[in-house]
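Residue-level listing of the chains:
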Amino acid sequence: MNLERQLRRALERKDPAAGFDNRVMSRVATAAGAQPVTRARRNSVVFLPGAASLILAFGAAYYVQQQRSADVASAHTEQAAHDVVLALQIASEKIAAAQAKVEEITRYEPAKNN
Amino acid sequence: MLRATALPPVTAPSHDELLADARRGSETAFAALVREHQAMVFGLAYHFLHSHAHAEELAQDVFLALHQNLARVESARHLVFWLRRVTSNRCIDSIRSAQRRRELPIDDAHEPSAAANFPDPMLGDLLRNLVAELAPDARIVVTLRFQEDLDMSEIAAITEMPVNTVKSHLRRSMDALRRKLQDKGHTYES
């Protein structure tokens, strides 16, 4: 017997079950329909959350910055008002001291009209 | 009386025309290509994997890959080479990954096979079983050699093995097959 001839017979080409072409075309159609969606989905899955995170991070940083600026401005205003009040108090005390001095001098000074 | 010769003969599109139409997006042409080559692709997968289910899945995957890579296929001749190479590579990858997972292909040797065309159905099944026991590289060499009737240089080009390696695989495989057949009471000439 010839082994090579027997192997050619045993390993001859073989058809798949009927409808194989339809099953392949069905998978091709599914893949063709799914591919752009998959790409778009992959892009959205990868990029959109990243972009959203960046926007949120920048937004939060901007908000904190603004709050800090507002707080600093508010603190500066309060400090200025406090300084003005202090200055007025000092000025008032100085005026009061000057007035008291003037009154004291005036009290012991003889009247020139007598 | 009308003569049959009055009508011009209907000629089927050539393989290159089918390929060109498929590349332009014709589903009908692609389906025709699938029908044209399904016995080659499924046969290679079946004789290698020894499982109808695995061979069907692998053959579908190969044609799906073909559809996605049609632009790279230059001619009908290149298409046959491409299908043989991709099928062979996927067969070997499939067996290796199954071995890594410790899953062997489902042996459905008891299913009705190509026995109808074989003078001795038992011997046909025995030969297919013995081929399925060969190591993956040797198995693909034997399958390409006897299913597709390819010479050593063609098998080397498809499998990307040196020609001497292909020769060595084939010689050792034939020796092993003869030895196993002799053990089972069959005698073959060298």
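The rules behind the values
- Residues numbered from 1 in each chain as written.
- Chains lettered and ligands numbered in written order.
- Predicted model: local features only at pLDDT ≥ 70, side-chain atom pairs only at ≥ 80, totals over all residues.
- Helix = DSSP H or I, 4+ residues; strand = E, 2+ residues; numbered from the N terminus.
- Buried ≥ 20, exposed ≤ 12 C-beta atoms within 10 Å, placed from the backbone.
- Contact = placed C-beta atoms within 7 Å.
- Nonpolar A, V, L, I, M, F, W, Y, C, P; charged D, E, K, R; others polar.

A. Geometry of the overall build of chain A. Helices and strands together make up the secondary structure of chain A, namely two helices and zero strands. Counting all 114 residues of chain A, 8% fall into the buried class.

B. Spatial organisation of the overall build of chain B. Regarding its fold elements, chain B presents eight helices and zero strands. Listing each helix as α and each strand as β along chain B from the N terminus yields α-α-α-α-α-α-α-α. A separation of at least 24 residues holds for 59% of the contacts in chain B among residues at least 6 apart in sequence.

C. A look at the environment of Ser153(B). Residues and elements named next belong to chain B. By secondary structure assignment, the location of Ser153 is in helix 7 (residues 152-159). Ser153 sits in the exposed class, given 10 other C-beta atoms within 10 Å. Sequence separation of Ser153 and Val163 is ten residues, and the distance between their C-alpha atoms is 5.8 Å.

D. Layout of the interface of chain B and chain A. Each side of the interface is counted separately: chain B has 34 residues, and chain A has 23 residues. Of all the elements in the fold, those that place two or more residues in the side of chain B that touches chain A are helix 2 (27-49), helix 3 (52-68), helix 5 (121-132), helix 6 (136-147) and helix 8 (163-183) of chain B. Broken down by element, the side of chain B that touches chain A gets its largest block of residues, eleven residues, from helix 2 of chain B. Its residues assigned to classes, the side of chain B that touches chain A comprises 18 nonpolar, ten polar and six charged.

E. Quick look at the environment of Glu36(B). All names here are of chain B. As for its placement among the helices and strands, Glu36 is situated in helix 2. Residue class for Glu36 comes out partly exposed when judged on the 16 C-beta atoms lying within 10 Å of it. Each C-alpha atom, one on Glu36 and one on His15, is 9.0 Å from the other, the two residues being 21 residues apart in sequence.

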